[in-house]
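Architecture at a glance
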Amino acid sequence: MLSMTSTTASVPGTGSVPVRSAAPEPAGPASWAGVASLGLGVFALVMAEFLPASLLSRIAADLGVSDGVAGQSVSITAIIAAVTALTLPVVLPRIDRRTVMLGLTALAILSDLLVALAPSYPVLLAARVLIGIALGGFWALAVAMTASLVSPARLGRAMTVVNTGVSLATVAAIPLGTWLGEVWGWRWVFVLAAGVAALALVAQAALLPPVAPAGVPGFRPLLATLRSRLILLGLVATAFIAGGHFTGFTYIRPAAAEIGGLDASVLAALLFVYGVAAFAGNLVAGPLADRRMRVAAVLVPLVLGAAMIVFALSGGSPVGVVAGVALWGLGFGAVPTTLMTWMARVEPTRLESVGGLQVAAFQVAIAVGAVVGGLLVDSAGVAPAVLVGGLSALAGAGLLSVLRLPARS
């Protein structure tokens, strides 16, 4: 088995230490364990990111605010994550990336504990700023960190492992948190989230090697990356695909009632189907991206868009509703791994800049998609919102279909 190529570099606060290069040799079990520790970190972060949405009414009642105001605790996280994703590699240009990742996971623990203890809504909002920093920074560095642990030919599979944290949080952690909020109270659910983040911190401390920062300090790598036509169009495609998804999925509860005629109990089962399908989509995405990147980049958003259109036009047919939701989950479950791997293939020498730009585009798309969907829901109904979201995802697929990736080195 070949070992990871190493160099010696000076990392502030540590002296001269061996650090992993940006072009690793084929990885062994220890490297894959490091990738898994990143997946555990993602699980903890995504769980904390979306818990307020599932506990919204209880949080609002306890802190004396409306549901709408309490919902801004999710919005502020997305905004801060977008800003952090772009700026963190710039403001911490020379610090060992292992140290940065450990610091971001520790920040997530602090955020969860502050939310659990928050005596007022402003304190809770400040705590949510911290999770936004942790989330944006972690995702911005995730691709570069993962690429330092595995060979380029296995990057898609490695991103599948990392993004399994997203799938598991969607399928298990968030529904479990909703149920535990009824049993324990919402504050103890955030204590549990802090415990999960602490477990991730221990795993990362034990399994992640030192990793040198990628590229040169400052905003120049970011600006140079933005000058790439492929990157710019890839970011536009990301915005179409992610924005399209959240144009519809943000309003899945009223959509299930209006389009499918489903009550809350059946909706829970439908969301479980979505979550399982999303988990399966992520598992398929990595191997497909490694073998047929171009096929994956077009097929994944195509399935997503088509599924949303099928759901919107199902007319309440049980088969159409279930099939649409299952394919919807399958398509979107594969989106993060596919798009992150695609972008990494375009600019393999600027992975931190690529990661930051894509995270920012994704987070902005979440906010814009939710706003556009809301306007459509209020003016035209839920079905048109889902339909427009599906067409947006198809536009993203169309754009990616005409873009040619550079030949592999």
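Above this text you will find the structure in question.
Residues numbered from 1 in each chain as written. Predicted model: local features only at pLDDT ≥ 70, side-chain atom pairs only at ≥ 80, totals over all residues. Heavy atoms only, no water.

Describing the side chain of Thr84
To keep things clear, this is the line we draw: What counts as a helix is a DSSP run of H or I of at least four residues, what counts as a strand is a run of E of at least two, and both are numbered from the N terminus. Whenever two N or O atoms come within 3.5 Å, that pair is a polar contact, provided that in protein one can donate a hydrogen and the other can accept it, and provided that, for residues adjacent in sequence, both atoms are side-chain atoms.
With respect to the helices and strands, the residue Thr84 is situated in helix α4 (residues 72-91). A distance of 2.8 Å separates the side chain of Thr84 from the backbone oxygen of Ile80, its partner in a polar contact.

Some words on the nonpolar core
Going by this rule: Residues belong to a common nonpolar core when they are buried Ala, Val, Leu, Ile, Met, Phe, Trp, Tyr or Cys residues joined through side-chain atoms within 4.5 Å. Residue exposure (1.4 Å probe, protein chains only): buried if accessible area is under 20% of the type maximum, exposed if over 50%, otherwise partly exposed. Contacts are assigned to residue pairs that have any heavy atoms within 4.5 Å of one another.
Ranked by internal contacts, the top residues of the largest apolar core, which has 60 residues, are Leu38, Leu124, Trp139, Trp186 and Phe190. In terms of residues, this core owes the most to one element, helix α6 (residues 121-147), which gives 15 residues. If near-sequence neighbours (up to four positions away) are discounted, Trp186 is found in contact with Leu55, Arg58, Ile59, Asp62, Leu63, Val115, Leu124 and Gly181. Counting 46 residues, the second-largest nonpolar core is a separate cluster that includes Ile231, Leu304, Phe311 and Leu400.

Topic: the pattern of salt bridges
Formally: One speaks of a salt bridge when a side-chain nitrogen belonging to Lys or Arg is within 4 Å of a carboxyl oxygen belonging to Asp or Glu.
Within this structure, the stated rule accounts for 5 salt bridges. Glu352 is the salt-bridge partner of Arg97, the closest N and O atoms lying 2.8 Å from each other. Highlighted residues: Arg97 in helix α5 (residues 97-117) and Glu352 in helix α15 (residues 351-379), separated in sequence by 255 residues. Since its relative accessible area comes to 2%, Arg97 is described here as buried. On the accessibility criterion, Glu352 (6% relative accessible area) is buried. For Asp290, the salt bridge is made with Arg157, and the minimal N-O distance between the two is 2.8 Å. Taken together, the residues span a long stretch of sequence, with Asp290 in helix α12 (residues 264-291) and Arg157 in helix α7 (residues 155-183) at a distance of 133 residues. Connected via shared salt-bridge partners are Arg157, Asp290 and Arg345.

Details of the packing of α5 against α6
Counted only if it meets this: Between N-to-C directions, angles cover 0 to 180 degrees, with each direction set by a line fitted to C-alpha atoms, over the stretch in contact for helices. Any angle that is under 35 degrees is reported as roughly parallel, and any over 145 degrees as roughly antiparallel; angles of 65 to 115 degrees are reported as roughly perpendicular and all others as oblique. For any pair of crossing helices, the crossing counts as left-handed if the nearer helix is rotated counterclockwise from the farther one by less than a right angle, and right-handed if it is rotated clockwise. Polarity classes work like this: nonpolar for Ala, Val, Leu, Ile, Met, Phe, Trp, Tyr, Cys and Pro, charged for Asp, Glu, Lys and Arg, and polar for all others, with Gly in that last group.
Closest axis-to-axis distance for the α5/α6 pair is 8 Å, and the angle between their directions is 155°. Our classification of the angle between α5 and α6 gives roughly antiparallel. Crossing of α5 over α6 shows left-handed handedness. Between α5 and α6, the residues in contact are Arg97, Arg98, Val100, Met101, Leu104, Thr105, Leu107, Ala108, Leu110, Ser111, Leu114 and Val115 and Leu124, Ala127, Arg128, Leu130, Ile131, Ile133, Ala134, Gly137, Phe138, Leu141, Ala142 and Met145, respectively. Grouping the amino acids of the contact of α5 with α6 by side-chain chemistry returns 18 nonpolar, 3 polar and 3 charged.

Digging into α15
For clarity, the cut-off: Working rule for helices: expected span equals 1.5 Å times residues minus one.
Here α15 contains 29 residues, and its C-alpha end-to-end distance of 41 Å stays within 8% of the 42 Å for a straight helix at 1.5 Å per residue. Once α15 finishes, Gly381 follows within two positions and takes phi at roughly 115°, a positive value.

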